[in-house]
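Chain by chain, the residues:
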Amino acid sequence: MKEHAHTPAQALFRRLFVINALVFAAGTLVLALSPATVSSPVLLAEIPVLAIGLALILAANALLVRASLAPLTALTSLMQRVDLLHNRDRLREDGNGDLASVVTTFNQMLDRLEEERASASAHALAAQEAERGRIARELHDEIGQSLTVALLGLKRTRDRAPAELTAELEHTQEAIRASLDEVRQVARRLRPGVLEDLGLHSALTALATDLSQTGSVHVTRSLASVPALAADVELVLYRIAQESLTNVARHAGATTASLTLAVEDGEVVLRVTDDGRGGVREHGAGIRGMHERALLIGARLSIHSPPGGGTRITLTVPAAAKEPTA
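Residues numbered from 1 in each chain as written. Predicted model: local features only at pLDDT ≥ 70, side-chain atom pairs only at ≥ 80, totals over all residues. Heavy atoms only, no water.

Caption draft 1: Expanded view of the overall build of the protein chain. Assigned secondary structure in the protein chain consists of nine helices and five strands. Helices and strands in the protein chain line up, N terminus first, as α-α-α-α-α-α-α-β-α-β-β-α-β-β. Here the protein chain, with 326 residues, has 29% of them falling under the buried criterion. In the protein chain, of all internal contacts separated by at least 6 residues, the share reaching a separation of at least 24 is 67%. Looking at the protein chain as shown, the accessible area adds up to about 20,100 Å², and 60% of this sits on carbon and sulfur atoms. (Helix = DSSP H or I, 4+ residues; strand = E, 2+ residues; numbered from the N terminus. Buried < 20%, exposed > 50% of the residue type's maximum accessible area, 1.4 Å probe, protein only. Contact = heavy atoms within 4.5 Å. Areas by Shrake-Rupley, 256 points an atom, 1.4 Å probe, with all protein chains shown as cover.)

Dropping the structure here:
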């Protein structure tokens, strides 16, 4: 018959029992071999000897138990700081004796939770992208076409209208044309058609150009040639760059920003920096969303944002994310 494995509670009980047994056995052995004796009744001169012996036994027991339970302290510390958005924070399983099973079980739990979170995030983000695509198509195909029809009808009306109404009709035309441009811009932000049609470089260039044209932030770009990437990796790069530049325009109070795409040590690196107020909080919804997207492709996202020192967002995509060759 197979021997039943000890549960973590049984292993901990056995460890503490063995430690205490060894301490008391050593104390008994020292008492038996030493010349010290105890009278009955205890003499006053023997009390310090007994007190010192007891203190030594308790100190030895405390040190051994504390060292034995050190993995639990590390485990508690990890429980307090663990964040599923920052993966691979694990405890070493070796050198923990009977508590190795507890550490192993906890590490396995974190692995399982990270996998479940990544799967749930992937489904949620895929649904989000699908919904964005649907809304973008409706804006372009329905609202955009309706505004175009209205614009053409207004042009025919202006051609037949009295001269005193021409200026007013032209002003209305310009307002409709501006609304049509805004609808198209919103549709492009929701569904990056340029990414699908022209690739990552063109999509990132369009992002930087659109923000510069608003006049609030001047964006410089340096986009190096990168290896072919999978479609989902390019989408994550685009969305993180989009979110970063949007935050620069809305919240950073910056005047200049830079967008960089490069290859460093075989990894694709995307950086967005600005000269704004800094002090970005990592627990914001936008930042957490970028972390979730990075996890989907196994990338590393780091944010350096000292107060008053601007913000630098770096996304590092491992070489494994390259598009497989046929």
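Text resumes after the structure shown.
Caption draft 2: Just helix 7 (residues 200–213), in detail. Under the 1.5 Å per step criterion, the end-to-end length of helix 7 is 20 Å for 14 residues, consistent within 8% with the ideal 20 Å. Of the residues making up helix 7, those classed as buried are Leu200, Ala203, Leu204, Leu207, Ala208 and Leu211. Mapping the buried residues of helix 7 onto a view down its axis gives an arc of 135°, with all of them on the same face. (Expected span 1.5 Å × (residues − 1). Arc of directions from axis to C-beta.)

Caption draft 3: Structural view of unusual backbone geometry. For aspartate 265, which is not glycine, the phi dihedral falls at a positive 55°. Note on placement: aspartate 265 falls in the loop between strand 2 (256–264) and strand 3 (267–274).

Caption draft 4: Representation of the environment of arginine 184 in the model. Structurally, arginine 184 can be placed in helix 5 (residues 163–190). When its relative accessible area of 40% is taken as the criterion, arginine 184 is described as partly exposed.

Caption draft 5: A look at the nonpolar core. Counting 38 residues, the largest nonpolar core has Leu259, Leu270 and Leu315 as the members making the most contacts within it. For this core, the secondary-structure elements that each account for two or more residues are helix 7, helix 8 (231–252), strand 2, strand 3, helix 9 (285–296), strand 4 (300–304) and strand 5 (311–317). Here this core gets nine residues from one element, more than from any other, and that element is helix 8. When sequence neighbours within four positions are dropped, the list of residues in contact with leucine 259 reads Leu204, Ala208, Val219, Thr220, Arg221, Ser222, Leu223, Ala241, Leu245, Leu270, Arg271 and Val272. (Core = buried A, V, L, I, M, F, W, Y, C linked by side-chain atoms within 4.5 Å.)

Caption draft 6: Examining the sheet that holds strand 2 more closely. Strand order in this open sheet of five strands is 1-2-3-5-4, and the pairing throughout is mixed. Each edge of the open sheet is held by one strand with a lone partner, namely strand 1 (218–223) and strand 4. Pairs of neighbouring strands in the sheet enclose a mean axial angle of 10°, with direction left out of account. Here strand 3 pairs with strand 5 via seven bridges, running antiparallel. When the bridges of strand 5 are listed, threonine 273 appears paired with arginine 312. The sheet strands contacting helix 7 are strand 1, strand 2 and strand 3, and the helix crosses strand 1 at an angle near 165°. Across the sheet, helix 8 lies against strand 1, strand 2, strand 3, strand 4 and strand 5, angled at about 10° from strand 3, the strand it touches most. (Pairing = 2+ DSSP bridges. Axes fitted to C-alpha atoms, helices over the stretch in contact; angles between N-to-C directions.)

Everything listed is a geometric property; what it means functionally is a separate question.
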